[in-house]
Amino acid sequence: MEDRYNSQSSDHNWITSAPFFQGLPESTVQVTLTHLVTRSHPSNQVILLENDWGGSVYFVVNGWVKIRTYNLEGKEVTLNIIGNGELFGEMAALDEVPRSTDVITLTPTTIGSMPAQDFVKLLQIEPLAGVRLAQLMARRLRQVNRRLRLRESDSQSRVADTLLFLADGQGKRGDTGTEIPNLPHRELSSLSGLARETVTRVLTKLERKGLIIREQDVICIPDVSALEKTII
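Bear in mind that the values here come from a model prediction, so they are computed numbers and not experimental data.

## Considering the overall build of the protein chain
For the protein chain, the count of helices and strands is nine helices and 13 strands. A globule of 232 residues ought to have a C-alpha radius of gyration of about 17 Å, and the protein chain, at 18 Å, matches this closely. Taken over the C-alpha atoms alone, the protein chain extends approximately 50 × 45 × 35 Å along its principal axes. Counting the 232 residues in the protein chain, one finds 50% classified as buried. Long-range contacts, defined as pairs at least 24 residues apart, comprise 72% of the intrachain contacts of the protein chain with a sequence gap of at least 6. On the protein chain, roughly 11900 Å² of surface is accessible, and the fraction owed to carbon and sulfur atoms is 50%. When the 26 basic and 28 acidic side-chain charges of the protein chain are each reduced to a single mean position, those positions are 6 Å apart.

## Some remarks on the UniProt feature "domain: Cyclic nucleotide-binding" (unreviewed entry) in the protein chain
The sites that carry the UniProt feature "domain: Cyclic nucleotide-binding" (unreviewed entry) are, in the present numbering, residues 20-123. A distance of 11 Å separates the end C-alpha atoms of residues 20-123, which is 20% helix and 39% strand.

## Remarks on the packing of aromatic side chains
Geometrically, a pair of aromatic rings is defined through the distance of the ring centres and the angle of the planes. Counted according to the given criterion, the structure contains five aromatic pairs. Each ring, one from Phe-20 and one from Phe-21, has its centre 5.2 Å from the other, and the planes form 80 degrees; the classification is edge-to-face. Phe-21 matches Phe-20 in its accessibility class, with the two residues each being buried. Geometrically, the ring pair formed by Tyr-58 and Phe-88 is stacked, given 5.3 Å between the ring centres and 10 degrees between the ring planes. Of the two residues, Tyr-58 is situated in strand S4 (residues 56-62) and Phe-88 in strand S7 (residues 87-88); the sequence distance between them amounts to 30 residues. Exposure class is identical for Tyr-58 and Phe-88. Each is buried. Following the ring pairs from residue to residue traces out a cluster consisting of Phe-20, Phe-21, Phe-59 and Phe-119.

## Structural notes on the UniProt feature "domain: HTH crp-type" (unreviewed entry) in the protein chain
The UniProt entry lists residues 153-225 under the feature "domain: HTH crp-type" (unreviewed entry), expressed in the numbering used here. Between the C-alpha atoms that bound residues 153-225 there is a distance of 19 Å. The span itself is 53% helix and 19% strand.

## Here we look at the pairing of S4
Along a regular strand, successive side chains alternate from one face of the sheet to the other. When you tally the buried positions in S4, you get six out of seven residues, the bulk of the element. Here S4 runs beside strand S9 (residues 109-115); their pairing, made up of six bridges, is antiparallel. Looking at the pairing, Asn-62 lines up with Thr-110 of S9. Relative to S7, S4 runs antiparallel, the two being bridged by two bridges. Bridge pairing in S7 links Phe-59 to Leu-87.

## A few points about the environment of Gln-135
With respect to the secondary-structure elements, Gln-135 resides in helix H5 (residues 127-149). For Gln-135, a relative accessible area of 43% gives the class partly exposed. For the pair Gln-135 and Thr-32, spaced 103 residues apart in sequence, the C-alpha separation works out to 20 Å.

## Things to note about the sheet that holds strand S8 (residues 102-105)
The strand order across the open sheet formed by four strands is S3-S8-S5-S6, and the pairing between neighbours is antiparallel. The open sheet has two edge strands with one neighbour each: strand S3 (46-48) and strand S6 (76-82). Strand-to-strand twist of the sheet, defined as the mean angle between neighbouring strand axes without regard to direction, takes the value 35 degrees. Where strand S5 (residues 65-70) meets S8, four bridges bridge the pair, whose relative direction is antiparallel. By the bridge assignment for S8, Val-65 is matched with Thr-105. Seen against the sheet, helix H7 (residues 185-192) touches S5 and S6 and runs at an angle of roughly 105 degrees to S6.

## What to know about the sheet that holds strand S10 (residues 172-174)
Here we have four strands laid out as an open sheet, ordered S10-S11-S13-S12, and antiparallel in their pairing. Bordering the open sheet on either side are S10 and strand S12 (213-214), each of which pairs with just one other strand. Relative to strand S13 (residues 218-221), strand S11 (residues 177-181) runs antiparallel, the two being bridged by four bridges. What sits directly across from Ile-180, in S13, is Ile-219. Seen against the sheet, helix H6 (residues 155-170) touches S10, S11 and S13 and runs at an angle of roughly 95 degrees to S11.

The rules behind each value
Residues numbered from 1 in each chain as written. Predicted model: local features only at pLDDT ≥ 70, side-chain atom pairs only at ≥ 80, totals over all residues. Heavy atoms only, no water. Helix = DSSP H or I, 4+ residues; strand = E, 2+ residues; numbered from the N terminus. Rg over C-alpha atoms; globule rule 2.2 N^0.38 Å. Buried < 20%, exposed > 50% of the residue type's maximum accessible area, 1.4 Å probe, protein only. Contact = heavy atoms within 4.5 Å. Areas by Shrake-Rupley, 256 points an atom, 1.4 Å probe, with all protein chains shown as cover. Lys, Arg positive; Asp, Glu negative; His and termini not counted. Charge placed at Lys NZ, Arg CZ, Asp CG, Glu CD. UniProt positions renumbered as here; feature names shortened; annotations may be inferred. Phe/Tyr/Trp six-rings, centres within 6.5 Å; stacked < 30°, edge-to-face > 60°. Pairing = 2+ DSSP bridges. Axes fitted to C-alpha atoms, helices over the stretch in contact; angles between N-to-C directions.

Have a look at this one:
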């Protein structure tokens with residue numbers, strides 16, 4: 001399904017809550033999104049491939065996508081998982097080189113694509129857009145640095161950190177705590193660098209301790225600070 005941007009459409013209410021567009025003048029946003037096109041994709045569909053050229057910047061309207069690459073042994077490595085309102089593909093648009101990662105949907109997902117030249121023009125004319133992009137990239141860099149530091153930690157610390165990583169990026173406040181997507185254990189395995197069986201065992205342990213509550217679609221973290229204290 002394809003849909004052109006319409007500033008009056010309720011389908012585009014996500015724009016007002018997307019971190020990148022926060023505080024930008026509405027008139028500027030509307031002009032920038034004139035050529036935005038949204039498409040619906042099933043789960044497990046490749047959106048971008050490594051080494052593709054960057055003709056567009058993408059926004060997750062709803063759903064979840066993973067950013068992946070491969071290590072020297074050919075093993076898949078999940079670098080990030082992003083959801084509603086997040087953007088991806090901005091690096092190739094800025095430095096005009098091929099893309100460095102793959103992007104695959106984890107759930108049925110709607111993606112908005114913006115021509116790269118429109119994105120770059122927005123950064124040129126609206127200083128706050130540049131600030132928002134810098135904040136996004138700084139947050140992602142901090143997350144990666146933290147995960148790298150914990151690569152030698154015990155399995156519980158690494159799984160807990162992975163859950164907190166998702167909470168920092170995509171956590172939503174619910175009735176019983178911070179909610180994150182209940183991803184397949186293979187995705188948590190790839191994010192944490194642990195075997196899937198180990199991830200399953202640690203999640204069960206954390207649940208027994210009351211540090212997480214697992215439901216069909218979400219994992220709830222009742223007390224984020226309590227989960228942080230389990231990291232050694």
